[in-house]
Structure formats: structure tokens, C-alpha cells
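Spelled out from the first residue to the last, the chains are:
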Amino acid sequence: MSKFHSLKIQSLERITDKSVAISFEIPQHLRTDFAFKAGQYITLRTTINGNEIRRDYSLCSSPKSGELKVAIKEVTDGTFSSYANKELKVGDVLEVATPNGHFVFEPNDSKTKHIAAFASGSGITPVLSIIKCALEEEVQSNVVLVYGNKTTKDTMFLDELLQLQHEYSNRFSIQFVFSQAQENDAIFGRIEKSTVNLVVKNKYKHLDIDAFYLCGQEGMINTVKDVLEEHEIKTDTIFYELFKASKPAIIDTGEIASGSTKVTVILDDETTSFEMPQKQTILEAALDKDIDAPYSCQGGICSSCIARVTEGEAKMRQNNILTDGELAEGLILTCQAQPTTEKITVDYDDV
């Protein structure tokens, strides 16, 4: 399970008018703890106006770089994103959890691979880490990026991506897509079916693509996945991370009883048992009992609150992360899981 550590901000770099890249200073004794795989994220924790705030941000640096770096885009009414863009400065200290996440790329230089990535907006952050890792550590592999934004001014890491394209001109190709600007060599519009067909059946049809990495909003991800599946791309080669759901979660509690459950929570080698109402989620009940359970988004989008059910059963309100195999192994998102049995044991350590 991820642990929080106090880390000092080493550098701040404004990458667009509304986004900032933040690098953290990692003490030597924590280097191993903060080693990460390309595509993973860290959870940042601080107190703003008397309230504890936690947010997940994907790492945008490569694992070999030695940098722990995230990029934060300011969003409307975003408490933490506004704070990060307007108030944080070099030398400030934040609580930072060790890297986490299932949206990962693990290089294998013994095999030549071809990778295609589709990203929209701030979804570029984990994809950038994956691209860097593939280019640096798989010296024969090719990477294609389709990257959608409103305009070049809104495009995070534009200069860095162009520099990578120049440096790896024989192996890295970018197809920009802009919805509010006409640019040379860019597609006008959004990432849609024709955009995916351009990669799979036209411009890059000479590449036998081994893996697809998708990151951004739900609508874009679903569009790309649907088209890839129409082309009979194997689902186990399509990896995605949802940054923002395009529609609110539909909570189905029809099968949830109105009684109570005795829940046993195993966390940091400590066991705590208590009664909870079945209308609550396991995470909500644990936090009510002052158990320091891991969490961040509380919306079923990140994977911070994953635990394993070792006794009993639970029903999740929604799931955008766990695979059928992981569900079969008993993994749940505790922020979405409501118990359906009289007893349930949830182990945060066995993940």
C-alpha cells in the first residue's frame, strides 16, 4: 500500500497558461520507495482552508530520469488544481504517496514493439512517461501518438513532444488534433472514428501495433476502444486510464440490503472490526471510524482505495478500473463497494 512522505518542491515550470509542472526533491533514503513504472501516478495531500485535500496526478517523467514530476492543469472550481497553479512555490512541502496505478508500460528491449497512444488534454501526462520510457529503453520500437487539444496554446508539453519527435525522428510520430484551430499537418476536430482509422488502416498501416494506450476523458476512450474492437484488435492489448467521466455515475443499490454488516479491515498489519450500515461504502465506514484507509478521488476513477475481499461479498456502484480477472481475485474499489453479506473482511495490505 502507498505511504505518504513529506517532500519538498524542487522546481516549478509553467507549461501552459493553465498548467504547471512540479518536480519533487527525493531524499536518498526514499529513492527506492519512489521508484515507479511508466504510467503510474502519485497522490498529493495537503490542507486547504482547514480541509484535507487529496488528488492523484500522473507522473510525466521517465523512470530512468530520476525525476518525480507531475503536471497539474487548473480546472474550473478545482480546489487543489487552482492552489497548485496559483499558490505553490519552490521549497513548499506536500505530503506525497508512493507511486501507484495499473496503467503501466514495462519495457522489454529484447523484443521490438510498436505502440500507439491516444491522449486528450491532460491525459498526456502518463502517456508522456510511457513514450519516454519506450523510446529510451526499447531502442528498436516505434511509437505513434495521437494527441487532441483545443489549440496549440492549450497543449501541455508541446515543446517537449516536438523535441522528442526531433530526437527520435525515425521512431516517434505525432498526429496533433485541434478542435478550435486550423494548423498545418494537424487534424481539425476531435479524436473520432476517422482519426483511429487513420492510424490503424491508413497512415501507419505498415506498423503491426502491439499495444494501445488511451488516456483522457471517457468519451474519447470509448470511441477509440470501440473502433479498435471493430478492427478486431485484441482487448488485452488495449490499456486505458480514465481521467474524467463524461457522465455521472449511476448508483444501483437495488440489491443492497438495508441492514448492517460486521466489517473487518486489515490495514498496515492492524485489524479493526466494527458494524456498518450496508447503504454505506466500505471506505466511508472506515473513514467514519478514523481508520486511515487510502483514498483519493472517491469516484471510482483512481485506484488508490483498492483492497481484497477475503471473506464475504460486496457490490460496487461502478468500476472503471478493475479487470474481470482482478474482480475474480476478490479485488474491489472500497470507495464504491457496499457489503451484501452479514460479515466481510477487507485486506488493504494484500494488493
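Preceding block: the structure.
Residues numbered from 1 in each chain as written. Predicted model: local features only at pLDDT ≥ 70, side-chain atom pairs only at ≥ 80, totals over all residues. Heavy atoms only, no water.

### Some points on the sheet that holds strand S17 (residues 331-333)
Note the threshold: When DSSP locates at least two bridges between a pair of strands, those strands are taken to pair. Starting at the N terminus, helices and strands are each numbered in turn, a helix being any DSSP run of H or I of at least four residues and a strand any DSSP run of E of at least two. All axes here are fitted lines through C-alpha atoms, helices being fitted over the stretch that makes contact, and every angle between N-to-C directions spans 0 to 180 degrees.
Ordered by their spatial adjacency, 5 strands build an open sheet running S14-S13-S19-S15-S17, and the pairing between neighbours is mixed. At either end of the open sheet lies a strand with only one pairing partner, and these are strand S14 (270-277) and S17. Across the sheet, the mean angle from the axis of one strand to that of its neighbour is 35°, orientation sign disregarded. Bridging between strand S13 (residues 260-267) and S14 involves 8 bridges; their strand directions are antiparallel. Note that in S14 the partner of isoleucine 266 across the bridge is threonine 271.

### Digging into the pattern of salt bridges
Quick note on the threshold: Salt bridges are counted wherever a side-chain nitrogen of Lys or Arg sits within 4 Å of a carboxyl oxygen of Asp or Glu.
The full count for this structure, using the stated rule, is 13 salt bridges. In this structure, lysine 37 engages glutamate 106 in a salt bridge whose closest nitrogen and oxygen atoms are separated by 3.5 Å. Taken together, the positions of lysine 37 in the loop between strand S2 (19-25) and strand S3 (41-48) and glutamate 106 in the loop between strand S6 (93-97) and strand S7 (114-120) put the pair 69 residues apart, joining distant regions of the chain. Linking glutamate 160 and lysine 132 is a salt bridge whose minimum nitrogen-to-oxygen distance equals 2.6 Å.

### Side note on the pairing of S7
We count it as follows: When accessible area is computed with a 1.4 Å probe and restricted to protein chains, residues below 20% of their type maximum are described as buried, those above 50% as exposed, and intermediate ones as partly exposed. A right-handed crossover is one whose linking path, passing over the helix from the first strand to the second, runs clockwise when the strands point away from the viewer.
The buried fraction of S7 amounts to 7 of the 7 residues, a majority that puts the element mostly inside the structure. With burial as the criterion, each face of S7 is covered, one bearing His114, Ala116, Phe118 and Ser120 and the other bearing Ile115, Ala117 and Ala119. Pairing between S7 and strand S8 (residues 142-149): 7 bridges, direction parallel. Pairing of alanine 119 across the sheet is with tyrosine 147, part of S8. Handedness of the β-α-β unit built from S7, helix H2 (residues 124-137) and S8 comes out right-handed. Pairing between S7 and strand S11 (residues 211-217): 5 bridges, direction parallel. Note that in S11 the partner of phenylalanine 118 across the bridge is leucine 214.

All quantities given are derived from atomic positions and should not be read as evidence of function.
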